[in-house]
Amino acid sequence: MQPSEADPAPQTRLIDRVPPQFFIVGSALIQYIGAAIAVGLFTIMSPSEVAWWRILIAAAVLLVWRRPWRVGLTRADLIRSGIFGLAMTAMNMTFYQAIEYLPLGTAVSLEFIGPVSVAVLRGRGWAPRIAALFAFGGVVAIGGVGIDLSDPKVLIGVAWIMSAALMWALYIVLGQHIASQRSGITNLAVGSTIGALVTAPFFVSSVAVVAGDWTVFVALLGVGVLSTVLPYSLEALAMSRVSASTFALFTALLPATSALVGALMLRQIPGLGEVLGLVLISVAVAITSRTPRR
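Figured I'd write up the structure that's included with this text.

Calculation criteria
Residues numbered from 1 in each chain as written. Predicted model: local features only at pLDDT ≥ 70, side-chain atom pairs only at ≥ 80, totals over all residues. Heavy atoms only, no water. Helix = DSSP H or I, 4+ residues; strand = E, 2+ residues; numbered from the N terminus. Buried < 20%, exposed > 50% of the residue type's maximum accessible area, 1.4 Å probe, protein only. Contact = heavy atoms within 4.5 Å. Axes fitted to C-alpha atoms, helices over the stretch in contact; angles between N-to-C directions. Parallel < 35°, antiparallel > 145°, perpendicular 65-115°, else oblique. Left-handed = near helix turned anticlockwise from the far one by under 90°. Nonpolar A, V, L, I, M, F, W, Y, C, P; charged D, E, K, R; others polar. Core = buried A, V, L, I, M, F, W, Y, C linked by side-chain atoms within 4.5 Å.

1. Here we look at the environment of A28
One can find A28 in helix α2 (residues 20–41). According to the relative accessible area criterion, A28 is buried, its value standing at 5%. Placed 206 residues apart in sequence, A28 and L234 show a C-alpha to C-alpha distance of 9.5 Å. If sequence neighbours within four positions are ignored, A28 has contacts with L254 and T257.

Shown next as structure tokens:
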């Protein structure tokens, strides 16, 4: 009898020896290293093309790994995963469009308005309201002091990252609904595949660029694995082994992690307003993540 999808017994014994906090920190660092590599590809391909290749490569890896066809998915399952995958594809494309114009740390901080908004709208009591104030203060700090809103390119970046925040909120709502029914990684495999296939007609022309330079493919492979496959898998491993408060603490460090990666890999040194906004939004993330929710 083969182990079930949710319980790969031989592997879990070794994995359980690794502290779950290591998975969370590793996920944060890995996914933004992938984003920094993606920025370097924007001179060769459009941000949306890079995002599409990220989804396509992640889908291929996840399909080989999870083999979701063994689970017995229904037509309704495929439709739900398809909508989820399209939301995820749109989220990644709008985010990549944004980091073409905005520093990585600033973009990630502003994108967190999406999940914070979901938590505020769903939460009860004073905690979500306090979180909303911190998030609003963070946006004001970044928009009023941290970045130059008189620059048309910055405004374009802000518009893209707000779109990414909206897609992230939709991604969370859809993902939470599906996660109660089957493996989140299996859903990611199916959703990534459908998202990549549906949007393929718009980006298939970039195949010629990738085929003409193997180093581009290697970089895209790194983006797909580092930005999607590894971080999502590490988070899935960590979520079942840490408390909500611990996971919230480490989640709140994501904007700071992205700013660190941006400074080291892209030489994007944040200003005082950006740092203040990053801290305020991180506090909002921590508060909303710790708010009890069904």
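2. A short note on the packing of helix α3 (residues 47–66) against helix α4 (residues 75–98)
Here α3 crosses α4 at 140 degrees, and the two axes come no closer than 8 Å. On the basis of their axis angle, the class for α3 and α4 is oblique. Viewed along their axes, α3 and α4 form a crossing whose handedness is right-handed. Side by side, α3 and α4 meet where P47, S48, V50, A51, W52, R54 and I55 of the first sit next to M88, T89, N92, M93, Y96 and Q97 of the second. Looking at the contact of α3 with α4 residue by residue, the classes come out as eight nonpolar, four polar and one charged.

3. Observations concerning the nonpolar core
With 65 residues, the main nonpolar core has F95, Y96 and L220 as its most contacted residues. Among all residues touching L220, those that are not within four sequence positions of it are L41, M45, V50, W53, I57 and V210. F23, I30, A238 and F250 belong to the second largest nonpolar core, which has six residues in total.

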